Amino acid sequence: MASLSQMSNADEYCLNHALKLARQAENLGEVPVGAVLVLENIMIAEGWNQPIQSYDPTAHAEILALRQGALHLQNYRLINTTLYVTLEPCMMCIGAIIHARVKRLVFGAFDSKIKINVRKDILNLMQCNHLNHRISIEGGVLADPCGTLLQNFFQTRRSGVEKS
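Residues numbered from 1 in each chain as written. Predicted model: local features only at pLDDT ≥ 70, side-chain atom pairs only at ≥ 80, totals over all residues. Heavy atoms only, no water.

**Q** Would you explain the nonpolar core in this entry?
**A** Buried together is how nonpolar side chains tend to be arranged in soluble globular proteins. Counting 42 residues, the largest nonpolar core has Leu83 and Leu105 as its most contacted members. Among the elements that take part in this core, helix 1 (residues 10–27) stands out by supplying eight residues, more than any other. Once you skip the residues sitting within four places of it in the chain, Leu105 turns out to touch Leu83, Val85, Pro89, Ile94, Ile97, Ile135, Ser136, Ile137 and Glu138. (Core = buried A, V, L, I, M, F, W, Y, C linked by side-chain atoms within 4.5 Å. Buried < 20%, exposed > 50% of the residue type's maximum accessible area, 1.4 Å probe, protein only. Helix = DSSP H or I, 4+ residues; strand = E, 2+ residues; numbered from the N terminus. Contact = heavy atoms within 4.5 Å.)

**Q** Looking at this model, I keep getting lost on the environment of Arg157. Mind explaining?
**A** Here Arg157 shows up in helix 6 (residues 143–163). You can call Arg157 partly exposed: its relative accessible area is 37%. C-alpha separation for the pair Arg157 and Gly29, spaced 128 residues apart in sequence, amounts to 9.4 Å. Once you skip the residues sitting within four places of it in the chain, Arg157 turns out to touch Gly29, Val31 and Ile52.

**Q** Mind showing me how you'd approach the packing of aromatic side chains here?
**A** The description of two aromatic rings rests on the distance between their centres and on the angle between their planes. Inspection of the entire model under this criterion finds two aromatic pairs. Aromatic side chains Phe107 and Phe110 sit 5.1 Å apart centroid to centroid with 85° between the ring planes, which places their arrangement in the edge-to-face category. The class for Phe110 is partly exposed, based on a relative accessible area of 43%. Consider the rings of Phe153 and Phe154, whose centres lie 5.0 Å apart with planes at 80°: the pair is edge-to-face. (Phe/Tyr/Trp six-rings, centres within 6.5 Å; stacked < 30°, edge-to-face > 60°.)

**Q** Can you walk me through the packing of helix 3 (residues 61–73) against helix 4 (residues 91–100) in this structure?
**A** What describes two packed helices is the angle between their axes and the distance between those same axes. Where helix 3 meets helix 4, the axes come as close as 9 Å, and the angle between the chain directions of the two elements is 20°. Judged by the inter-axis angle, helix 3 sits roughly parallel to helix 4. Here the hand of the crossing between helix 3 and helix 4 comes out left-handed. Contact residues: helix 3 offers Glu62, Ile63 and Leu66, while helix 4 offers Met92, Cys93, Ala96, Ile97 and Ala100. Looking at the contact of helix 3 with helix 4 residue by residue, the class counts come to seven nonpolar, no polar and one charged. (Axes fitted to C-alpha atoms, helices over the stretch in contact; angles between N-to-C directions. Parallel < 35°, antiparallel > 145°, perpendicular 65-115°, else oblique. Left-handed = near helix turned anticlockwise from the far one by under 90°. Nonpolar A, V, L, I, M, F, W, Y, C, P; charged D, E, K, R; others polar.)

If you want it as structure tokens, here you go:
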């Protein structure tokens, strides 16, 4: 496999891998979200949504990838890492990303439930002067396939509920 540093589309490559992980979540009946943590062009951790199966409301893809990355590095600070997620992170995950000192966040689909005021609040939180860490954020990478996976999941779920 080529080094991620040699790839012109490393962000897309990593998000495609996160999409595969999201499909694992979907196969388990979880909301299909996947995450990959990268350090020095090497994938060091991954996660997919598992709150239903694990009976853990914090078992979001991002949190699981951060936990796995911290274990891998034997450090709770994930300095100079990039986190790739198929869906814009929620407030809980944003807080964990900030505390872990992730350098860069790249996500696919924008969360349609997050309204502009909330999104401004998230961005304001991440740029807050009270925090001693700033994160570079890039959203909308592979937004169409990431969003389509989620839309299809919820359409199927709703149609299944209606048939019951």
